Amino acid sequence: MTASLLSAPLSRLEQRDGFVHRHLGPNANQIAHMCATLGVSDVDALIEQTVPAGIRLDAPLPLADASPEHEALTRLKAIAGRNVIKKSMIGMGYYGTHTPAVILRNVMENPGWYTAYTPYQAEIAQGRLEALLNYQQMVIDLTGLELANASLLDEATAAAEAMTMARRVSKAKSNVFFIDEACFPQTIDVVRTRAHYFGYELVFGKADEAAAHDAFGALLQYPNGRGEVIDLSATIAALKDKGAVVAVASDLMALVLLKSPGAMGADIALGSAQRFGVPMGFGGPHAAFFATREAFVRSMPGRIIGVSKDARGKTALRMTLQTREQHIRREKANSNICTSQVLLANMAGFYAVYHGPEGLRTIAARIHRLAAILATGLTDAGFQPSASTFFDTLEVEVGARAPAIVEAAEADGFNLRSVSGTRLGLSVDETTTREDIAAVLGCFGVATDLDALDARVAEAGGALPAELLRSDPILSHPVFNAHHTEHEMLRYLKKLQNRDLALDHSMISLGSCTMKLNATSEMIPITWPEFANLHPFAPREQAAGYLEMIEGLADYLRAVTGFPAICMQPNSGAQGEYAGLVAIARYHASRGEAHRNVCLIPKSAHGTNPATAQMCGMQVVVVDCDDNGNVDVDDLKAKAAKHAGQLAALMITYPSTHGVFEESIREICAIVHQHGGQVYMDGANLNAQVGLTSPATIGADVSHMNLHKTFCIPHGGGGPGMGPIGLAAHLAPFMADHVVQPTGGADRPNLGQGAVSAAPFGSASILPISWMYITMMGGEGLKQATQVAILNANYLATRLKDHYPVLYTGSQGRVAHECILDIRPIKAATGISEVDIAKRLMDYGFHAPTMSFPVPGTIMVEPTESEDLGELERFAAAMIAIRNEIHQIESGTWPTEDNPLKNAPHTQADFIGEWSRPYSREQAVFPLPWVAENKFWPSVNRIDDVYGDRNLFCACVPMSDYEA
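One structure accompanies this document, and this report is about it. Please read these numbers as outputs of a predicted model, since none were measured by experiment.

Turning our attention to the overall build of the protein chain. Tallying secondary structure elements over the protein chain gives 35 helices and 25 strands in all. Relative to the compact-globule value of 30 Å for 964 residues, the protein chain shows a C-alpha radius of gyration of 28 Å, a close match. Each principal axis of the C-alpha atoms in the protein chain carries an extent, and together these give about 85 × 70 × 65 Å. Across the 964 residues in the protein chain, those meeting the buried criterion constitute 65%. Of the contacts made within the protein chain by residues no fewer than 6 positions apart, 77% connect residues no fewer than 24 positions apart. Accessible surface for the protein chain amounts to roughly 31800 Å². Of this, 51% is attributable to carbon and sulfur atoms.

Tallying each qualifying case throughout the model produces 43 salt bridges. Across the pair D267 and R293 runs a salt bridge whose closest N-O atoms are separated by 4.0 Å. A residue pair is termed long-range when its members are at least 10 positions apart, and D267 in the loop between α13 (252-255) and β7 (268-272) and R293 in the loop between β8 (288-292) and β9 (304-309) qualify at 26 residues.

This part takes up the packing of helix α23 (residues 573-590) against helix α24 (residues 608-615). For the pair α23 and α24, the least separation of the axes is 9 Å and the interaxial angle reads 45°. In terms of axis orientation, α23 runs oblique to α24. Regarding α23 and α24, the two cross each other, and that crossing is right-handed. Contact residues: A574, E577, Y578 and L581 in α23; T608, N609, T612, A613 and M615 in α24. When grouped by side-chain class, the residues that make up the contact of α23 with α24 number five nonpolar, three polar and one charged.

This part covers the nonpolar core. M138, F276, F350, L374, F444 and F711 are the most contacted members of the largest nonpolar core, which totals 252 residues. Discounting chain neighbours no more than four positions away, the residues touching L374 are M89, L394, L426, V428, I437, V440 and L441.

Bringing the sheet that holds strand β15 (residues 423-427) into the picture now. As a general point, the strands of a sheet are linked pairwise by backbone hydrogen bonds and lie either parallel or antiparallel. The sheet built from four strands is open, its strands ordered β11-β12-β15-β14 with antiparallel pairing. Strand pairing shows two members of the sheet lacking a second neighbour, β11 (384-385) and β14 (417-418), which therefore form its edges. Bridge count between strand β12 (residues 393-397) and β15: five bridges; the pairing is antiparallel. The residue of β15 that forms the bridge with E395 is G425. Along the sheet face, helix α15 (residues 342-380) touches β11, β12 and β15 and points at about 15° away from the line of β12.

What follows covers the side chain of N630. Summarising the element assignment, N630 is placed in the loop between β18 (619-623) and α25 (633-642). Excluding residues within four positions of it along the chain, N630 makes contact with D624, C625, V660 and E662.

Counting buried residues in strand β3 (residues 176-180) gives five out of five residues, a clear majority hidden from the surface. As defined by bridge partners, β3 adjoins strand β4 (residues 201-205) across five bridges and the pair is classed as parallel. Among the inter-strand pairings, I179 is bridged to a residue of β4, identified as F204. The parallel pair β3 and β4, bridged by helix α11 (residues 185-198), forms a crossover whose chirality is right-handed. Sheet topology places β3 next to strand β5 (residues 217-222); three bridges connect them, and they run parallel. From the neighbouring strand, I179 faces β5, where its bridge partner is L219.

For the structure on display, the rule yields 24 aromatic pairs. Here F911 and W937 contribute two aromatic rings whose centre-to-centre distance is 5.9 Å and whose plane-to-plane angle is 50°, an arrangement assigned as tilted. Note that F911 is positioned in helix α32 (residues 908-912) and W937 in the loop between α33 (921-925) and α34 (945-950), a separation of 26 residues in sequence. A relative accessible area of 28% means that F911 is categorised as partly exposed. Ring geometry for W915 and Y919: centres 5.5 Å apart, planes at 90°, overall edge-to-face. Judged by its relative accessible area of 22%, W915 falls in the partly exposed class. In this structure an aromatic cluster arises from ring pairing among F282, W528, F531, Y546 and F761. Taking the ring centre of W528 as reference, the NZ or CZ of K77 above it sits at 4.4 Å.

Here the focus is the sheet that holds strand β6 (residues 245-251). The strand order β2-β8-β7-β6-β5-β3-β4 describes an open sheet built from seven strands, whose pairing is mixed. At either margin of the open sheet sits one strand with a lone partner, and together these are β2 (147-148) and β4. In terms of strand pairing, β6 meets β7 through five bridges, oriented parallel. Bridge pairing in β7 links S250 to G271.

Looking now at the environment of V169. When you line up the elements, V169 lands in helix α10 (residues 155-169). Sequence separation between V169 and C669 is 500 residues, and the spatial gap between their C-alpha atoms is 39 Å. Among residues more than four places away in sequence, those in contact with V169 are V245, F296 and S299.

Here we come to empty space enclosed by the protein. Under the defined criterion, the tally for this structure stands at nine cavities of 30 Å³ or more. Volume-wise, the largest cavity comes out at about 420 Å³. Y117, C338, T339, C513 and K709 are the residues nearest the centre of the largest cavity, which is lined by 30 residues in total. Tallying contributions element by element places α23 first for the lining of the largest cavity, with three residues. Classifying every residue of the lining of the largest cavity by side-chain character gives eight nonpolar, 17 polar and five charged.

Take a nonpolar patch on the surface next. A cluster of nonpolar side chains, namely M1, L5, L10 and L13, defines an oily patch on the protein surface of about 440 Å² accessible area. Inspection of the secondary structure puts L13 in helix α2 (residues 10-13). Residue classification places L13 among the partly exposed positions, given a relative accessible area of 44%.

Looking now at unusual backbone geometry. In this chain, Y222 is followed by P223 through a cis amide linkage whose omega measures -10°. Take P223: it is sitting in the loop between β5 and α12 (233-241). Residue P854 is reached from F853 by a cis peptide bond, and omega for that bond is 0°. For P854, the position within the fold is in the loop between β24 (850-851) and β25 (858-861). Not every positive phi belongs to a glycine, and S151 is a case in point at roughly 105°.

A word on α15. Under the 1.5 Å per step criterion, the end-to-end length of α15 is only 46 Å for 39 residues, more than 12% shorter than the ideal 57 Å. The largest bend along α15 reaches roughly 95° and is located at G356, with the proline P357 sitting one to four residues downstream. With 30 of 39 residues buried, α15 lies mostly within the body of the structure. Downstream of α15 by a residue or two, G382 has a phi angle that is positive, lying close to 100°.

This brings us to the side chain of T143. Here T143 lies in helix α9 (residues 126-143). A polar contact is formed between the side chain of T143 and the backbone oxygen of V139, at a distance of 2.7 Å. Sequence-distant contacts of T143, that is, excluding residues within four places in its chain, are made with L255, S260, P261, G262, A269, F289 and A291.

Okay, the environment of D208 next. Here D208 lies in the loop between β4 and β5. In sequence terms D208 and T235 are 27 residues apart; their C-alpha atoms lie 5.8 Å from each other.

Reading the values: rules and limits
Residues numbered from 1 in each chain as written. Predicted model: local features only at pLDDT ≥ 70, side-chain atom pairs only at ≥ 80, totals over all residues. Heavy atoms only, no water. Helix = DSSP H or I, 4+ residues; strand = E, 2+ residues; numbered from the N terminus. Rg over C-alpha atoms; globule rule 2.2 N^0.38 Å. Buried < 20%, exposed > 50% of the residue type's maximum accessible area, 1.4 Å probe, protein only. Contact = heavy atoms within 4.5 Å. Areas by Shrake-Rupley, 256 points an atom, 1.4 Å probe, with all protein chains shown as cover. Salt bridge = Lys/Arg side-chain N within 4 Å of Asp/Glu carboxyl O. Axes fitted to C-alpha atoms, helices over the stretch in contact; angles between N-to-C directions. Parallel < 35°, antiparallel > 145°, perpendicular 65-115°, else oblique. Left-handed = near helix turned anticlockwise from the far one by under 90°. Nonpolar A, V, L, I, M, F, W, Y, C, P; charged D, E, K, R; others polar. Core = buried A, V, L, I, M, F, W, Y, C linked by side-chain atoms within 4.5 Å. Pairing = 2+ DSSP bridges. Right-handed = clockwise from strand over helix to strand, strands pointing away. Phe/Tyr/Trp six-rings, centres within 6.5 Å; stacked < 30°, edge-to-face > 60°. Lys NZ or Arg CZ within 6 Å of the ring centre and 35° of its normal. 1 Å grid on protein atoms, 1.4 Å probe; cavity = no way out; pocket = protein on both sides within 12 Å on 5 of 7 lines; lining within 4 Å. Points joined across faces, edges and corners; volume = space filled by probe spheres on them. Patch = residues over 30% accessible without salt bridge, like charges linked within 9 Å, V, L, I, M, F, W, Y side chains within 5 Å. Expected span 1.5 Å × (residues − 1). Bend = angle between axes of the 7 residues up to and from the residue. Polar contact = N/O pair within 3.5 Å; in protein donor to acceptor, adjacent residues only side chain to side chain.

Following this line, the structure appears as structure tokens:
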């Protein structure tokens, strides 16, 4: 071996494709073994049996070769260096913040937190569920409302969700929604887009004029976009007297000091938790908070974490009420949003835990003090701030000097906000110092004694009147008052992490979710200051590096999808669906066919598809599937013909949600086009297409790409995500633009098209992850990843088919990148359900596959390309062992209600307590020899879901409850 290496060509020794082999689980020998098991000569032969020949690409992806990790990082560092980081005083919902180092290192940069999945399997997610409950409690306390969800995507989206929620709960017959003209412009932009397709009439005006309108709801801002802090109590009361539901967009840091929206009578409070320790990141990701009154809980969008109990009566947490709402209620769902910004919500909640109420008050008071000093200094110099009551933001009329002051500030390292040609805005944040205030005053030509100004402001008590200060306690729960030293915080974070199963422990085989490697080299750039600390509305010349990286990633995605246009704005897969259907609706309207409003959706589709269609004002018509799980082409033909005059779109996932490459896909697309519709391809399963086929090749007109699936952005326990869309040339002019910062050049075809997300490029700071992944994989590496994903899925299907029937296969007996195992015959014979198997897998150290979707009574397995043969075999062994346990129930050896599956998961309390079960303790907790080597102990027994929904409690529980 040594001699052969010494005589090998340099190109081999350079290992330029080294990352490809680190990303792919199976090595060459393992691949050969797996192919032999499948009865094929090699992977290419398997692909020929799996992917229809008519849609396969006839040329390699037009991408460069793979780059080594260190080279890719060096290239990206040079690109990042083109960003110019100045201290931002732009505000508008985005502020400098200090991420506590203990949170940065142990949460944001920790795969134990960022590689976890959405906590559907609550027994092995108690850590992040507690973290989210802390977040909810923080939001409840600061907003003064009774209930909060576990976060939404961004502040503007949350405002749009508030509008639609107001329509659901308001008894007013009006179709009018009032918007405070002092709301942030990006919020208005997103709400305007959303309102159009629901058919709501928007009315704008001053907040105190809101009640003059007959409206079903209203959106007010507090503090408003001009920085003013105004008591909204009377306005809210007047609106509610007329039957309106009132939402208040607010600022958590301001609410540390200010009277809460709940105390003023608001029905909904929303905003961004970004300034609680989450970097600006050129716009995201950030957790949006959303709170309401308990009476409205069943109409609230998003996920809610609630308190229940386990089989031993121990306090346990779970997602409550709206778990997988879209997949159950489909077009009747409250929203199409099916993720929270969990990682970011956790960071914001931990920020509050670490600082505690006094720490937060000190930070908020410092921010306000510096803003008041700035206002006093400007006033002394003859400038007049527009508001006498403010928290952190001022607007100042400076006349013709405005451009010169902005230029001077920029030269000194500060970005101010140009409100108009004569008016400037300035926002103070946690990172602002007294030296910064002195420097900014200097840009206005003001030289002053800062200590003297401070003394005057302190004597006056700031610029907030006593009647607007909150008097109620905040964050009084012990969790916010017990972890203020770093070692206490570190131990708390570790305790919670130990309760969660993530990819750092074992394979997570969730079908349709693509839980693949999130490589360290991909993650490193997101915390670089050049990417983390840039305001999304910074002057574009300061964001040259970001724009280069984003355009480079867009080029990569063009190559992968075959589409000429890419829109990077949608910050989740569901937002991508929405942006794509909006583009289709705008396209039809531009042709005088706005009446096209029928959306065909197969029965097998993701539940977000019909939920998204109704958000776009479309009528959902369901298309049947045949016995093999494929779209019933005859039914599609009939329904497309029936609705030909109104047909807007077909939404289809490919490969299908049933895990099969449908051979009639091109015919399906042609039928829709023949009748005037457009084809929207859901990109959830794009990981089975890359390098082998593409949405454009297949015949789609628009498709979203889940960057948190195919392109390696980690799931973060349920978010963040990104869902950019690719569009055919005729749809490109109808993609989202942005009212504050354009998404392209002055000649862009989408000029003025309304936004779908708060920031022009969505959650821009996580885009480097996907840029790094594609750069390190190269075109050939991406194709290999797809091939191995299909190989791994077919290998598992073959290993398990004699124990669990594989529900759907293609014409040659192959599955795509995932397979559905049918549990219904087992349940009919034994009473053992897919839920029991899911819980029992925890005892083997595995997260369950996707349950009961897309077919009730099944589980869907997706191993991805990142798992090697050893991990696949461990999973297969666990599933086979569980099937043998089920045989013990079938034979009567174990009772139907007292067996390892019905009692799963087993905890340490089971292991050390009294034992009277018909199977041994060892069988319960160490069911296979290798389990003990790396045992994951669920921290609670099986959770009582029904109890949690019947006894709704969604705030932090007394510490004594955990000790019970």
